[in-house]
Every structure is written in C-alpha cells, then in structure tokens.
Amino acid sequence: MHIGAIAERTGLSQRTLRHYDDIGLVNPSQRSEGGFRLYTEEDLHRLLLIRRMKPLAFSLQEMHDLLALTSTVASPDATEDDLAKLRAFEAVAAQRRADLTEKAAMADEFLDRLRTLTAHVSSGEDLRDDG
C-alpha cells in the first residue's frame, strides 16, 4: 500500500507517517522503484497500535519499546521478564485510560453547565441569582 492508502486506513497524516519512518518508529517494508514508501498489512497493524497509544500520551520512545516488546512476546523465546514488561505497559495504559475517563466526566459537567447557561440566556432569565 502507498502512503496515502495507509494514511487513510490509520487516520494518521502522511507527514506523521514520514516522521515515523525518519525516526525509525515504523519503517515501510518496501520502497517502489521510484522510491515511494510501500506498506504491508503488518506495517498497518503496527501503525494502528501506535494510533491507539497516542490518546494515552505514550512517548515515541515508549511506542518504540512496546513495538519491540510485542515482537518479542510473540516469539517462543519470550521470557518472564518480557511478560512483566508487557504487564507494566498494560498497567500504565489502564491508569491513563482511567485518567482520561475522569477528564471526560469533568468535560461533560462543564458542557452541561454551558448548556444550562445558554438555555437561561436564551430564555431571558436573570443569571445573577444562578450559582
């Protein structure tokens, strides 16, 4: 797949994909004779994993480490230490997701308050008495 198709399927920009290639996070598996990046289904899955990590604020280094770890734990040579590292990533992801859930709840409260204020203003109510 060319970079445009991968960008569309992952929701990542072509600029981001080029950056990931430049820093060695995810390199396309092949290049065309003209030098264009060509991605495989395996590359797509790696990029989708990265995309899923982005909202959880994993650093590029953490993304790189997890990609390497996923390859390691999928092999028969995986050690207990490798599994422990994977569990640690899982724990961090779970905590970050919980933090996001809490922030989303606060955002919902804020939106509810704004909607209430908007409704009051639209109806001509006096807001000075509203706490």
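Here, every reference points to the structure presented above.
The rules behind each value
Residues numbered from 1 in each chain as written. Predicted model: local features only at pLDDT ≥ 70, side-chain atom pairs only at ≥ 80, totals over all residues. Heavy atoms only, no water. Patch = residues over 30% accessible without salt bridge, like charges linked within 9 Å, V, L, I, M, F, W, Y side chains within 5 Å. Areas by Shrake-Rupley, 256 points an atom, 1.4 Å probe, with all protein chains shown as cover. Salt bridge = Lys/Arg side-chain N within 4 Å of Asp/Glu carboxyl O. Helix = DSSP H or I, 4+ residues; strand = E, 2+ residues; numbered from the N terminus. Buried < 20%, exposed > 50% of the residue type's maximum accessible area, 1.4 Å probe, protein only. Polar contact = N/O pair within 3.5 Å; in protein donor to acceptor, adjacent residues only side chain to side chain. Contact = heavy atoms within 4.5 Å. Axes fitted to C-alpha atoms, helices over the stretch in contact; angles between N-to-C directions. Parallel < 35°, antiparallel > 145°, perpendicular 65-115°, else oblique. Nonpolar A, V, L, I, M, F, W, Y, C, P; charged D, E, K, R; others polar.

A. How the structure looks around a nonpolar patch on the surface. Among the surface-exposed residues, Phe 110, Leu 111 and Leu 114 lie close enough to one another that they form a single nonpolar patch of about 270 Å² accessible area. Within the secondary structure layout, Leu 114 lies in helix H5 (residues 80–123). Owing to a relative accessible area of 36%, Leu 114 belongs among the partly exposed residues under this scheme.

B. Here's a closer look at the pattern of salt bridges. One pass over the full model with this rule turns up seven salt bridges. With a closest N to O distance of 2.8 Å, Arg 37 and Asp 21 form a salt bridge. A residue pair is termed long-range when its members are at least 10 positions apart, and Arg 37 in strand E2 (residues 37–38) and Asp 21 in helix H2 (residues 14–23) qualify at 16 residues. Between Asp 81 and Lys 85 there is a salt bridge, with the nearest N and O atoms lying 3.5 Å from each other. Of this pair, Asp 81 and Lys 85 both sit in helix H5, four residues apart, which is roughly one turn of that helix. The class for Asp 81 is partly exposed, based on a relative accessible area of 46%.

C. Layout of the side chain of Asp 21. Judged by its relative accessible area of 10%, Asp 21 falls in the buried class. For Asp 21, the side chain forms a polar contact with the side chain of Arg 31, separated by 2.9 Å. Sequence-distant contacts of Asp 21, that is, excluding residues within four places in its chain, are made with Val 26, Asn 27, Pro 28, Arg 31 and Arg 37.

D. The packing of helix H1 (residues 3–10) against H2, seen in detail. For the pair H1 and H2, the least separation of the axes is 9 Å and the interaxial angle reads 110 degrees. Between H1 and H2, the interaxial angle falls into the category roughly perpendicular. Residues Ile 3, Gly 4, Ile 6 and Ala 7 of H1 form the contact with H2, whose participating residues are Gln 14, Leu 17 and Arg 18. Of the residues belonging to the contact of H1 with H2, the class tally is four nonpolar, two polar and one charged.

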